[in-house]
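If you want the building blocks of each chain, they are given just below.
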Amino acid sequence: MFVDSGRFQLEVLDIAPQVFGLPPIVLLHEGLGCVAMWRDFPHALAAATGARVVAYSRYGYGQSTPLPAQVRNVRNVQFMHEEALETAPELFETLGLEKPFLVGHSDGGSIALIHAATFPGAVSGVVAMAPHCFVEAISVQSIVAARSAFETTDLSARLGKYHRDCAATFYGWNDVWLSAGFRTWNITKLLTTIACPVLAIQGENDEYGTMAQIEVIASQIRSAQLRKLPQCGHSAWKDAPETVTAEIANHFLYCIQK
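Going along each chain's sequence as written, the residues are numbered from 1 onward. Whole-chain, interface and lining totals are the exception, using all residues; otherwise, since this is a predicted model, local features are given only for residues with pLDDT of at least 70 and side-chain atom pairs are given and counted only at 80 or more. Derived side-chain values reflect all non-hydrogen atoms in the structure, with water molecules and hydrogen atoms excluded from consideration.

Visitor: Give a detailed account of the packing of aromatic side chains, specifying residues and quantitative values.
Guide: Stacked, tilted and edge-to-face are the three classes applied to pairs of Phe, Tyr and Trp rings, where Trp contributes its six-membered ring and a pair requires centres within 6.5 Å; stacked means planes under 30 degrees apart, edge-to-face means over 60, and tilted covers the rest. If you walk through the whole model with that rule in mind, you get twelve aromatic pairs. Where Phe170 meets Tyr171, the ring centres are 5.3 Å apart and the plane angle is 85°; that geometry is what we call edge-to-face. Like Phe170, the residue Tyr171 is buried in the burial classification. One aromatic cluster is present, built from ring pairs that chain together Phe79, Trp177, Phe182 and Trp185. Buried, partly exposed and exposed residues are distinguished by accessible area as a fraction of the type maximum, computed with a 1.4 Å probe on protein chains only: under 20%, between the cut-offs, and over 50%, respectively.

Okay, here's the thing in structure tokens:
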């Protein structure tokens, strides 16, 4: 379905709860993700927790309002802050999502952390999967490689199955990450204001970031729990779906009992 968030028309998957009275779970996708690219993961979380599960495609992704045709230099280096502080709250209000439990992957994990840090009393819990807290060389190298793949392989065709304008989606993400202004992007100090329980998950073979990304979360949030998963890359929820679903369900239970 589509929801008018106020500024954009956003593609939304909204799975009804099996158990009422639980906080809703909101999925925040990665830099090239969207609702459809979560596959059956939202339904697995709904089955494991009984909660209402909502996933949405951010502005410029999936079937949501696309980015402008002239995409270069359109996205601000603070795009994750804009999502966390403006678009997400608008959508939460529109859908009646009170004290959501945020599950974010990659850029979505960063957005979840920024939102929880800015609105500390409005979030039930956070699961950050392979989040970015600062920019690492390995991230830049992999994003350069992604650009090459988009321009020389069938990656653009594969992404085109999911995004209304896959070139705008890709360059809207890639150009920002490779811009000089983004090199100093850092949310480490912001993490200290997070009041809800945080679980950070990262694959040991993550090609977009080292364990320093989640270790810095533990250094700023003493109660944060870390899960380092062997034989998993950047998308641990795809590489080890049963393990990740169980970890999230356990953290959700902990948060609602706290």
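Still more ground to cover, so stick around.
Visitor: Tell me about the pattern of salt bridges, and please be specific about residues and values.
Guide: Salt bridges, as used here, are contacts in which a Lys or Arg side-chain nitrogen is within 4 Å of a carboxyl oxygen on Asp or Glu. Overall, the coordinates contain six salt bridges when judged by the stated rule. Its salt-bridge partner being Arg147, residue Asp175 comes within 3.1 Å of it at the nearest N-O pair. One end of the pair, Asp175, is in helix 6 (residues 166-177); the other, Arg147, is in helix 4 (residues 137-152), and 28 residues separate them in sequence. The same class applies to Asp175 as to Arg147, namely buried. When the shortest N-O distance is used, the salt bridge between Glu215 and Lys228 registers 2.8 Å. Of this pair, Glu215 sits in helix 7 (residues 212-220) while Lys228 sits in strand 8 (residues 225-229), and the two are 13 residues apart along the sequence. On the accessibility criterion, Glu215 (37% relative accessible area) is partly exposed. One network of salt bridges, in which partners are shared, links Arg147, Glu151 and Asp175. Numbering of helices and strands runs from the N terminus; a helix is a DSSP stretch of H or I covering at least four residues, while a strand is a stretch of E covering at least two.

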